[in-house]
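# Structural features, examined
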Amino acid sequence: MWKNRYWQAELWTLLFILFVVGLIGSLFNKTAVFVAVIIFGYLVWNLIQLSRLFHWIFVSKAIYPPVAPGVWGEIFNQLYIRQRKHRKDLKKLNAIISEFRDSTRALKEGAMIISNLGEIRWFNKASAKLLGLKPSVDIGQRLFNLLRHPDFIEYEAARDYGKPLNIPSPVDTNIMLSLSITPYNEDQRLVIIRDVTEKYHLERVRQDFVANVSHELRTPLTVITGYLEMLDPEMNPNLKSVAKPLNMMHQQALNMGHLVDDLLLLSKLDSKVDSNGHKAIDINLLLDSICAEARAFSGEKNQQILFHSHTNTMLKASEKQLRSAFSNLVFNAVRYTPANGKIDIYWQEDEHNYIVKVKDNGQGIESQHIPRLTERFYRVDSGRNRSQGGTGLGLAIVKHVLEYHNATLQIESSVGKGSCFCCIFPKNKDLA
Ligand code: ADP
């Protein structure tokens, strides 16, 4: 500070005046009085400048500062420069904010900022329309008090924002909204709200169509299969000449029956069945009985089908769905493993997961097919696989069932060596 030229000038001037006045005072033999008068005068002068500064900052709204010599002049000047810069920054910031406001106002999607506790901090016009909010009343309110749909409360409690949530709008239940939440710092979350009514209805129409067609096909198929069973060439010798076509018709009718059953199961899984019906399932018993069925299905292939149980944990799940998923994996292993092959089924757990593993030493799958295996009707070799009796929906059902139980499917395979299908159920308090 003392190196500053204004300070140095101020100091030297003061010392010079004190020296001169002290000298004059000494002529009258009153040095102390003269010096005291000068110091007092200097104090008064400083107080005057201080009061001008106070007046400029707090009382007058003048842009330009008062004019003063020396250090005070420099102080006024620096304050003025800073104030001007601050005004400029403020202007810039206001321009950015109003640009941001204009762009979010033009957004069709609702955007909202909420705190960690769910208090609404800001929302745009589209959110107000989609959720029926009023800025004057709802800013500061907790979003969970305004959106009371049970799915939203559950979604919020789980705090797993990996997937968006679909719920009806509180303004009009015919409007379907998709909410996605992104935490972006310790205390803030961005909520994006989209109107997905059209997509939702199209999806519903598709699901209903598949479910209705499958349902309508069931009755005629049951009749056809029933009559074909009656027309058994073994029981009616006069049908011997048409035995082959009759057997083929019977086989194809049975395949169609399985296809219809699988389609019905998939559309049931699509329509998100209620998880309240879940009960504790003994996975050891379930896999044991599936293995027994698989041995019967394997028949003359003489495969070695072994079940290895490493845990007794019961899973809270839908028994029907798990049976269907695990059966599909085990029956696929039987289908795609040649005679005398080996199939191992494991039930085990590690630190984080419960795992059902189905391992075979069959034909294996080329790596480029693996990501697509769980698509509906995707087959590695469609002609050959259809002849093995599969519907092409097995792994799609497995994926859906596992998703429904918050589990995942992992597939490892190498051609000629075999495949391993792992169902991984992350450990959490609702599962075991
Ligand atoms: P599919 O009814 O045709 O078996 P899936 O959806 O169950 O239909 O299986 C899709 C495809 O994945 C099958 O067509 C088959 O090519 C392949 N696949 C499934 N499981 C195995 C396995 N254990 N070994 C080799 N390939 C398999």
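Whatever comes next refers back to the structure up there.
Below is a summary of the structure that appears in this document. These numbers come from a predicted model, not from an experiment.

### A closer look at the overall build of the protein chain
The helix and strand inventory of the protein chain stands at 13 helices and twelve strands. Rg of the C-alpha trace for the protein chain: 41 Å, well past the compact-globule value of 22 Å for 432 residues, more than 25% over. Dimensions of the protein chain along its principal axes, counting C-alpha atoms only, are 155 × 45 × 35 Å. Across the 432 residues in the protein chain, those meeting the buried criterion constitute 38%. For the protein chain, contacts bridging at least 24 residues in sequence account for 57% of all contacts bridging at least 6. When the accessible area of the protein chain is evaluated, it comes to approximately 27,300 Å², of which 59% is carbon and sulfur surface. When the 52 basic and 43 acidic side-chain charges of the protein chain are each reduced to a single mean position, those positions are 11 Å apart.

### Some points on the pairing of strand E9 (residues 342-349)
By the criterion of burial, E9 is predominantly enclosed, with six of the eight residues buried. Of the pairings in the sheet, the one linking strand E7 (residues 304-309) to E9 comprises six bridges and is parallel in character. Among the inter-strand pairings, phenylalanine 307 is bridged to a residue of E9, identified as isoleucine 345. Sheet analysis places E9 next to strand E10 (residues 353-360), joined by seven bridges and oriented antiparallel. Pairing of tyrosine 346 across the sheet is with lysine 357, part of E10. In this structure, the hairpin formed by E9 and E10 is closed by a connection of three residues.

### A closer look at the packing of aromatic side chains
Inspection of the entire model under this criterion finds eleven aromatic pairs. Ring geometry for tryptophan 72 and phenylalanine 76: centres 6.0 Å apart, planes at 40 degrees, overall tilted. With a gap of four residues between them, tryptophan 72 and phenylalanine 76 both fall in helix H3 (residues 70-106), about one helical turn apart. On the basis of relative accessible area, tryptophan 72 is assigned to the buried category, the value being 11%. Centre to centre, the rings of tryptophan 347 and tyrosine 354 are 6.2 Å apart; their planes meet at 35 degrees, and the pair counts as tilted. With respect to class, tryptophan 347 is no different from tyrosine 354; both count as buried.

### Quick notes on the packing of helix H9 (residues 243-270) against helix H13 (residues 394-404)
Interhelical geometry of H9 versus H13 gives an angle of 25 degrees and a closest axis separation of 10 Å. Classified by the interaxial angle, the pair formed by H9 and H13 is roughly parallel. When you trace H9 past H13, the crossing you get is left-handed. Across the interface between the two elements, Asp262, Leu265, Leu266, Leu269 and Asp270 of H9 pack against Ala396, Ile397, His400 and Val401 of H13. Grouping the constituent residues of the contact of H9 with H13 by class yields six nonpolar, one polar and two charged.

### Some words on the packing of helix H8 (residues 197-230) against H9
Contact geometry of H8 with H9 gives a least axis separation of 9 Å together with a crossing angle of 150 degrees. Between H8 and H9, the crossing angle belongs to the class labelled roughly antiparallel. For the pair H8 and H9, the sense of crossing is left-handed. The residue inventory of the contact of H8 with H9, partitioned by class, reads 14 nonpolar, seven polar and five charged.

### Focus: a nonpolar patch on the surface
Side chains of Phe16, Ile17, Phe19, Val20, Leu23, Ile24, Leu27 and Phe28 sit close together on the surface and give an oily, nonpolar patch of about 840 Å² of accessible area. Of note, isoleucine 17 is situated in helix H1 (residues 5-27).

### Some details on the sheet that holds strand E5 (residues 188-195)
Taken in spatial order, the five strands make up an open sheet running E2-E1-E5-E4-E3, and their pairing is antiparallel. At either margin of the open sheet sits one strand with a lone partner, and together these are strand E2 (120-123) and strand E3 (165-168). The mean inter-strand angle of the sheet, taken between neighbouring strand axes irrespective of direction, is 30 degrees. Here E3 runs beside strand E4 (residues 176-185); their pairing, made up of four bridges, is antiparallel. Each bridged residue has a counterpart across the sheet, and for leucine 165 the counterpart in E4 is leucine 179.

### Thoughts on the environment of glutamate 203
You can see glutamate 203 is positioned in helix H8. With 67 residues separating them along the chain, glutamate 203 and aspartate 270 place their C-alpha atoms 9.6 Å apart.

### Some remarks on the pattern of salt bridges
Considering all chains together, one arrives at 13 salt bridges under this definition. The salt bridge partner of arginine 189 is glutamate 156, with a shortest N-O separation of 3.0 Å. Of the two residues, arginine 189 sits in strand E5 while glutamate 156 sits in helix H7 (residues 150-158), which places them 33 residues apart along the sequence. Each of Glu203, Arg206, Asp270 and Arg376 takes part in one network of salt bridges that share partners.

### With respect to helix H10 (residues 283-298)
End to end, H10 covers 22 Å across 16 residues, agreeing with the expected 22 Å (1.5 Å per residue, within 8%). Ile283, Asn284, Leu286, Leu287, Ile290, Cys291, Ala294 and Ser298 are the residues of H10 that are buried. All buried residues of H10 fall inside an arc of 155 degrees around its axis, so they share one side. Looking at H10, the residues exposed on the side facing more than 90 degrees away from the buried face are Leu285 and Ala296. Summarising the contacts, the buried residues of H10 are in contact with strand E6 (279-282), E7, strand E8 (314-317), helix H11 (319-335), E9 and E10.

Basis of the calculations
- Residues numbered from 1 in each chain as written.
- Predicted model: local features only at pLDDT ≥ 70, side-chain atom pairs only at ≥ 80, totals over all residues.
- Heavy atoms only, no water.
- Helix = DSSP H or I, 4+ residues; strand = E, 2+ residues; numbered from the N terminus.
- Rg over C-alpha atoms; globule rule 2.2 N^0.38 Å.
- Buried < 20%, exposed > 50% of the residue type's maximum accessible area, 1.4 Å probe, protein only.
- Contact = heavy atoms within 4.5 Å.
- Areas by Shrake-Rupley, 256 points an atom, 1.4 Å probe, with all protein chains shown as cover.
- Lys, Arg positive; Asp, Glu negative; His and termini not counted.
- Charge placed at Lys NZ, Arg CZ, Asp CG, Glu CD.
- Pairing = 2+ DSSP bridges.
- Phe/Tyr/Trp six-rings, centres within 6.5 Å; stacked < 30°, edge-to-face > 60°.
- Axes fitted to C-alpha atoms, helices over the stretch in contact; angles between N-to-C directions.
- Parallel < 35°, antiparallel > 145°, perpendicular 65-115°, else oblique.
- Left-handed = near helix turned anticlockwise from the far one by under 90°.
- Nonpolar A, V, L, I, M, F, W, Y, C, P; charged D, E, K, R; others polar.
- Patch = residues over 30% accessible without salt bridge, like charges linked within 9 Å, V, L, I, M, F, W, Y side chains within 5 Å.
- Salt bridge = Lys/Arg side-chain N within 4 Å of Asp/Glu carboxyl O.
- Expected span 1.5 Å × (residues − 1).
- Arc of directions from axis to C-beta.

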